[in-house]
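Chain by chain, the residues:
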Amino acid sequence: MLPVEVTWAALCSFSTAPRTNPRLFVQIQEVKVADSMASFKAFLNSPVGPKTTHFWGPVANWGFVIAGLVDMQKPPEMISGNMTGAMCIYSGLFMRFAWMVQPRNYLLLACHASNESVQLYQLSRWAKGQGYLGGEKKGEASSQ
Amino acid sequence: MATSKFQALWNHPAGPKTIHFWAPTFKWGLSIANIADSTKPPEKVSYPQQIAVTATGVVWSRYSTVITPKNWNLFSVNVALAATGIYQLTRKIRHDFFSEEQAAVAKE
């Protein structure tokens, strides 16, 4: 039997044989690993993969998201309204940019969608701290 | 002649009617926000944010010269972003690590 036939037989008999036949079980696991390796390799060589600038630029932009998440723990007085407001507009524009650019860059889109959420939340915290959204300046906590 | 040149720019696939123009152009807003914040006290500067700003500026400056076509607009905006990020970081580091002795003496 050719290796392909053995593998196909292994797949077809998945529900009945593999645990009693160690060689078939191992073949099935190898097929699964080979499939995931193949798709990983496809990603590595894709036009928006880690060998290209289309990948590492967006990776750098995830720094904004991480910085925003870390800064959520800080008191609102530490937030810069200028920077956070600029980030909200910036990420909004770049979500559209990531969608329209060739090749379409889903990583960049995900990055800026996340950043938009984080920065809007930080902006609301800053605004409440400044008294713009009806919260007291350094006053009681507003209800959710 | 001038009209057609203007129209050529206006209708360019990466021109002012498209996101390919406004997104990188708006990135200047981040640098301007950082410059506006340069007068704020160093205690209010956020390390994670300024490190992210500097890293983004540096990485994108490099890549804007590697892509085809080279995008000098993107290069300049990211150089400015890296510069303002580094400035804010040096302000904060100076304040945190190099004026401790003065603050300790003042508190006594």
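Below: a short report on this structure. Residue numbering note: each chain is counted from 1, following its sequence as written. Whichever chain is written first becomes A and whichever ligand is written first becomes 1, with later ones labelled in order. Local features are withheld for residues below a pLDDT of 70 in this predicted model, meaning they are given only at 70 or higher, and side-chain atom pairs are given and counted only at 80 or more; totals for whole chains, interfaces and linings count all residues. Water and hydrogen atoms play no part in the side-chain values, which are based on all heavy atoms of the structure.

1. So, the packing of helix H4 (residues 81–100) of chain A against helix H5 (residues 106–130) of chain A
All names here are of chain A.
Step number 1: Orientation of H4 relative to H5, taken along the N-to-C sense of each, is 155 degrees, at an axis distance of 8 Å. Relative to H5, the element H4 lies roughly antiparallel. Handedness of the crossing formed by H4 with H5: left-handed.
Step number 2: Amino acids are sorted into nonpolar (Ala, Val, Leu, Ile, Met, Phe, Trp, Tyr, Cys and Pro), charged (Asp, Glu, Lys and Arg) and polar (every other residue, Gly among them). By residue class, the composition of the contact of H4 with H5 is 15 nonpolar, 9 polar and 1 charged. Between the N-to-C directions of two axes lies an angle of 0 to 180 degrees, each axis being a line fitted to C-alpha atoms and, for a helix, fitted only over the stretch in contact. Secondary structure elements follow DSSP: runs of H or I no shorter than four residues count as helices, runs of E no shorter than two count as strands, and numbering proceeds from the N terminus. An angle below 35 degrees is treated as roughly parallel, one above 145 as roughly antiparallel, one from 65 to 115 as roughly perpendicular, and anything else as oblique. For any helix crossing, the convention is left-handed if the near helix is rotated counterclockwise from the far helix by under a right angle, and right-handed if that rotation is clockwise.

2. Notes on helix H3 (residues 53–71) of chain A
Step number 1: One less than the residue count of a helix, multiplied by 1.5 Å, gives the span that helix is expected to have. Along its 19 residues, H3 of chain A runs 28 Å from first to last C-alpha, staying within 8% of the 27 Å computed at 1.5 Å per residue.
Step number 2: Contact criterion: two residues are considered in contact whenever any of their non-hydrogen atoms come within 4.5 Å of each other. On the buried face of H3 of chain A, the contacting elements are helix H2 (22–44), H4 and H5 of chain A together with helix H2 (19–36) and helix H3 (47–64) of chain B.

3. Topic: the side chain of serine 80 of chain A
Step number 1: Counting through the fold element by element, serine 80 of chain A comes out in the loop between H3 and H4.
Step number 2: Exposure is judged per residue with a 1.4 Å probe applied to protein chains only, and the accessible area is read against the type maximum: over 50% gives exposed, under 20% gives buried, and values in between give partly exposed. Look at serine 80 of chain A and you get buried, because its relative accessible area is 10%.
Step number 3: Any pair of N or O atoms that falls within 3.5 Å is considered a polar contact. Within protein, one atom must be able to donate a hydrogen and the other to accept it, and sequence-neighbouring residues count only if both atoms are side-chain atoms. There is a polar contact of 2.4 Å between the side chain of serine 80 of chain A and the side chain of aspartate 37 of chain B.
Step number 4: Leaving out residues up to four positions away in the same chain, serine 80 of chain A has contacts with Asp37 and Lys40 of chain B.

4. Quick notes on the interface of chain A and chain B
Step number 1: On the side of chain B, 29 residues touch chain A, which itself brings 28 residues to the contact.
Step number 2: A simple way to read buried area is as the amount of 1.4 Å-probe accessible surface that goes missing from two parts once joined, with both sides added. Between chain A and chain B, the buried area comes to about 2500 Å², and carbon and sulfur atoms account for 72% of it.
Step number 3: Salt-bridge detection follows one rule: a side-chain nitrogen of Lys or Arg within 4 Å of a carboxyl oxygen of Asp or Glu. Between chain A and chain B we count 0 salt bridges in total.
Step number 4: Scanning the region where chain A abuts chain B turns up 8 residue pairs in polar contact (both at pLDDT 80 or more).

5. Structural notes on the environment of lysine 40 of chain B
Step number 1: One can find lysine 40 of chain B in the loop between H2 and H3.
Step number 2: Among the residues examined, lysine 40 of chain B registers a relative accessible area of 26% and is labelled partly exposed.
Step number 3: Residues lysine 40 of chain B and glutamine 88 of chain B, 48 residues apart in the sequence, show an inter-C-alpha distance of 9.9 Å.
Step number 4: If we ignore the near neighbours within four places in the chain, the residues touching lysine 40 of chain B are Ser80 and Gly81 of chain A together with Arg91 of chain B.

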